[in-house]
Amino acid sequence: MSSDILVVEDEPAIQELIAVNLEHAGHRVQRAHTAAEADAMIREVRPDVIVLDWMLPDIAGTALARRLRSDTRSKDIPIIMLTARAQERDKVEGLESGADDYVTKPFSPKELLARIKAVLRRRAPQLTDDTIEIEGLQLDPAAHRVSGRGNELQLGPTEFKLLHFFMTHPERVYSRVQLLDHVWGDHVFVEERTVDVHIRRLRQALEPTGHDRLIETVRGSGYRLHG
Ligand code: CA
């Protein structure tokens, strides 16, 4: 599945190598050369992952990571730190600043891709291609297919995204605002009752195999997938 990845790196050759490989793997890439540029881009579009170089011309990557972690808008974005430093002490500092993982230069693009996928699986499982199954309901993100005990079910694109999010976050209650944020993405201005409309459609789509009962309404709070 394609993700929005922000690459913050001041060395043009490395920036290019990373961007080309990520795009080739199907991701959308934004490029920043300084922390200030990265800040501006994150305000514009919230990336799914940030690949962040440690040594930047304006401030250190670790300082930027710390700042991103303290801001509610960016605190949940997975960060992979790039660095030429290999010492154990530096790794600890990188991880303490809030980075999720750490890749030491020189690295192979393949390794970076694998790390990105691992971080997404851990931090944002709804962005990966893994097939998920809960109580006989199966969702295959790569094939864009949903089936209930082997019977294919027909879902609209928004219902598919909603179900994918619920299935990767079972047993947790999400408010309408949180669902808008996670499923529709931020910067999208949709009314809260739109969520109810799509929940209703999702339940209808799951009805033929009885899986509509998995989507629970939690009075006064929102919705939950009962796994
Ligand atoms: Ca650098």
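For the structure, check the block above.
Here is a short report on the structure shown in this document.

About the cut-offs
Residues numbered from 1 in each chain as written. Predicted model: local features only at pLDDT ≥ 70, side-chain atom pairs only at ≥ 80, totals over all residues. Heavy atoms only, no water. Donors = N, O, S within 2.8 Å, 3.2 Å for Na, K, Ca; no water. Helix = DSSP H or I, 4+ residues; strand = E, 2+ residues; numbered from the N terminus. Buried < 20%, exposed > 50% of the residue type's maximum accessible area, 1.4 Å probe, protein only. Phe/Tyr/Trp six-rings, centres within 6.5 Å; stacked < 30°, edge-to-face > 60°. Pairing = 2+ DSSP bridges. Axes fitted to C-alpha atoms, helices over the stretch in contact; angles between N-to-C directions. Contact = heavy atoms within 4.5 Å.

Some points on the coordination of the calcium ion
Next, step 1: Looking at the metal site, the calcium ion is ligated by Asp10 (OD), Glu11 (OE), Asp53 (OD) and Met55 (O), spaced 2.1 to 3.2 Å from it.
Next, step 2: If you list the donors of the calcium ion from N- to C-terminus, the spacing comes out as D-E-x41-D-x1-M. Of this pair, Glu11 sits in the loop between strand 1 (4-8) and helix 1 (12-24) while Met55 is found in the loop between strand 3 (49-53) and helix 3 (61-69), placing the two residues 44 residues apart along the sequence.
Next, step 3: We classify Glu11 as partly exposed; its relative accessible area is 37%.

Details of the packing of aromatic side chains
The description of an aromatic ring pair uses the distance of the two centres, along with the angle that the planes make with each other.
Next, step 1: By the definition in use, this model includes 2 aromatic pairs.
Next, step 2: Centre to centre, the rings of Trp54 and Tyr102 are 6.5 Å apart; their planes meet at 85°, and the pair counts as edge-to-face. Taken together, the residues span a long stretch of sequence, with Trp54 in the loop between strand 3 and helix 3 and Tyr102 in strand 5 (residues 101-104) at a distance of 48 residues.
Next, step 3: Judged by relative accessible area, Trp54 falls into the buried class, the value being 3%.
Next, step 4: Overall, the relative accessible area of 6% leaves Tyr102 in the buried class.
Next, step 5: Seen from their ring centres, Phe165 and Tyr174 are 4.9 Å apart, and the 70° between their planes marks the pair as edge-to-face. Judged on exposure class, the residue Phe165 and its partner Tyr174 are both buried.

Quick look at the sheet that holds strand 6 (residues 132-134)
Within a sheet, each strand pairs with its neighbour through backbone hydrogen bonds, oriented either parallel or antiparallel.
Next, step 1: If you walk across this open sheet you meet the 4 strands as 6-7-8-9, and the pairing is antiparallel. Both outer strands of the open sheet, strand 6 and strand 9 (151-153), are each paired with one neighbouring strand and no more. Neighbouring strand axes in the sheet, compared pairwise and without regard to direction, differ in orientation by 25° on average.
Next, step 2: For strand 6 and strand 7 (residues 137-140), the ladder comprises 3 bridges, and the chain directions are antiparallel. Each bridged residue has a counterpart across the sheet, and for Ile134 the counterpart in strand 7 is Leu137.
Next, step 3: Helix-sheet contacts for helix 6 (residues 157-168) involve strand 6, strand 7 and strand 8 (145-148), and the interaxial angle to strand 7 is about 110°.

Brief notes about the pairing of strand 11 (residues 222-225)
Next, step 1: Strand direction decides the pairing type here: strand 10 (residues 215-218) and strand 11, joined by 4 bridges, are antiparallel. Directly across from Glu216, in strand 11, lies its bridge partner Arg224.
Next, step 2: Linking strand 10 back to strand 11 in an antiparallel pair, the connection comprises 3 residues, with Gly220 at a positive phi of about 80°.

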